[in-house]
Amino acid sequence: MTSDIDTLKNIQNGKPVRIFIPLLNRPDRARAQCVYQETSPPKFTLLFKPGMLPVDEIDIGQPCIISIDMGGPTVSLEAMIQKIANQQTLEMTILKYISHEQMREFFRVDAVTQVLSKSFHTQFANNNSEPWSLQGETVDISGSGILAIFTDKPPADRQVHLEITIPSAEPETVNVVAHPVRTQRLNDNRYEVAYHFDDISMEDRDKIIGCCLVLQRKLLRLKVQVNTNETLGDQL
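A few points on the structure. No experiment lies behind these values; they were computed from the predicted model shown.

Definitions and limits used
- Residues numbered from 1 in each chain as written.
- Predicted model: local features only at pLDDT ≥ 70, side-chain atom pairs only at ≥ 80, totals over all residues.
- Heavy atoms only, no water.
- Helix = DSSP H or I, 4+ residues; strand = E, 2+ residues; numbered from the N terminus.
- Buried < 20%, exposed > 50% of the residue type's maximum accessible area, 1.4 Å probe, protein only.
- Contact = heavy atoms within 4.5 Å.
- Areas by Shrake-Rupley, 256 points an atom, 1.4 Å probe, with all protein chains shown as cover.
- Pairing = 2+ DSSP bridges.
- Core = buried A, V, L, I, M, F, W, Y, C linked by side-chain atoms within 4.5 Å.
- Salt bridge = Lys/Arg side-chain N within 4 Å of Asp/Glu carboxyl O.
- Axes fitted to C-alpha atoms, helices over the stretch in contact; angles between N-to-C directions.

1. Details of the overall build of the protein chain
Here is step 1: Along the backbone of the protein chain there are three helices and 13 strands.
Here is step 2: By residue count, 43% of the 236 residues in the protein chain fall in the buried class.
Here is step 3: In the protein chain, once contacts between residues fewer than 6 apart in sequence are set aside, the share between residues at least 24 apart is 57%.
Here is step 4: Carbon and sulfur atoms make up 48% of the accessible area of the protein chain, which amounts to about 13,200 Å² in all.

The structure is reproduced here in structure tokens:
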């Protein structure tokens, strides 16, 4: 908890932040911008513009995820809503700070969706090579990278342009620049490639993280249902 409080102390008062708010009876989360206000750690306050908070739909029993651009690394926090005040304010208590390494695991979920890997050129690189593209599908996805499978082997030593279809209620495509960190040939002669994002907009990263949180919630509900059914089966 001490390190979590230290993290709060490093956040500038009045700093704009982004929040993913859990909703009642819905798997998706509301994504909104707000302003961080210091109070007394581990407590803090978030201020919203009028009409931004879906007050009647917020599930205060579930934690929120807060993303803060610190001018370099993005800091992520998990926090609980203690009170919804005057329709524009959330009074919060931090649960934990999510490190960069934890973030990869925390936001990574199994997800099958389309991904297109394409050649990436810049004015500084050699552009004489022929353009190429490979259609594949993801195995899992996170705010910092994907694991995907392709029928042919993508280049293993250069940056690529990825077009990823976000598996949300209304599918969207995000565009990122990434590099492969691991390539493995599978038994069926397909190729499994782990990509790390090198260049992605904050908006597109938020879309991916929001989708991951939705998928996590669905998987958690499925796990609860399976465990409940197994318990009932044992009792019969």
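From this point on, the discussion continues.
2. Focus: the pairing of strand β6 (residues 89–98)
Here is step 1: Across five bridges, the pairing between strand β3 (residues 43–47) and β6 is antiparallel. Paired with Lys 43 across the strands is Thr 93, a residue of β6.
Here is step 2: Relative to β6, strand β5 (residues 74–85) is paired through nine bridges, and the arrangement is antiparallel. From the neighbouring strand, Ala 79 faces β6, where its bridge partner is Ile 94.
Here is step 3: Counted between consecutive antiparallel strands, the loop separating β5 from β6 contains three residues, among which Asn 86 sits at a positive phi close to 45°.

3. Here we look at the nonpolar core
Here is step 1: Judged by nonpolar contacts, the single largest core of 26 residues is most densely connected at Ile 19, Phe 44, Leu 46, Phe 48, Ile 66, Leu 90 and Met 92.
Here is step 2: Of all the secondary structure elements, the ones that give two or more residues to this core are β1 (16–22), β2 (29–38), β3, β4 (64–69), β5 and β6.

4. Regarding the pattern of salt bridges
Here is step 1: Tallied over the full model, the rule gives nine salt bridges.
Here is step 2: As a salt-bridge pair, Glu 78 and Lys 96 come within 3.6 Å of each other at their nearest N and O atoms. Separated by 18 residues along the polypeptide, Glu 78 in strand β5 and Lys 96 in strand β6 bring together distant segments of the chain.
Here is step 3: Each of Arg 18, Arg 31, Glu 203 and Asp 206 takes part in salt bridges that share partners, so that together they form one network.

5. Things to note about the environment of Thr 151
Here is step 1: As for its position among the elements, Thr 151 is in the loop between β10 (145–150) and β11 (160–166).
Here is step 2: Judged by its relative accessible area of 52%, Thr 151 is exposed.
Here is step 3: Considering only alpha carbons, one finds Thr 151 and Gly 136, 15 residues apart in sequence, at a separation of 7.2 Å.
Here is step 4: Leave out the neighbours within four places in its chain, and Thr 151 touches Asn 189, Arg 190 and Tyr 191.

6. With respect to the environment of Leu 147
Here is step 1: Here Leu 147 shows up in strand β10.
Here is step 2: Placed 34 residues apart in sequence, Leu 147 and Val 181 show a C-alpha to C-alpha distance of 10.0 Å.
Here is step 3: Contacts of Leu 147, omitting those with residues within four sequence positions, involve Thr 138, Val 139, Asp 140, Arg 182, Glu 192, Val 193 and Ala 194.

7. A closer look at the pairing of β5
If a strand is regular, its side chains alternate between the two faces of the sheet.
Here is step 1: Where β4 meets β5, six bridges bridge the pair, whose relative direction is antiparallel. Counted as the bridge partner of Ser 67 is Ser 76 from β5.

8. Brief notes about the sheet that holds β6
Here is step 1: Spatially, six strands are ordered β1-β2-β3-β6-β5-β4 in a closed barrel, and the strand pairing comes out antiparallel. On average, adjacent strands in this sheet sit at an angle of 45° to one another, irrespective of strand direction.

9. What to know about unusual backbone geometry
The phi torsion of most residues other than glycine is negative, and most of the peptide bonds are trans.
Here is step 1: In this model, Pro 41 is joined to Pro 42 through a cis peptide bond whose omega is 10°.
Here is step 2: With respect to the secondary-structure elements, Pro 42 resides in the loop between β2 and β3.
Here is step 3: Residues other than glycine seldom take positive phi values, yet Asn 86 does so here, at roughly 45°.
Here is step 4: The residue Asn 86 is located in the loop between β5 and β6 in this model.
Here is step 5: Given the relative accessible area of 57%, Asn 86 is considered exposed.
Here is step 6: Even without being glycine, Asn 189 reaches a positive phi, approximately 70°.
Here is step 7: Positionally, Asn 189 belongs in the loop between β12 (172–185) and β13 (191–199).

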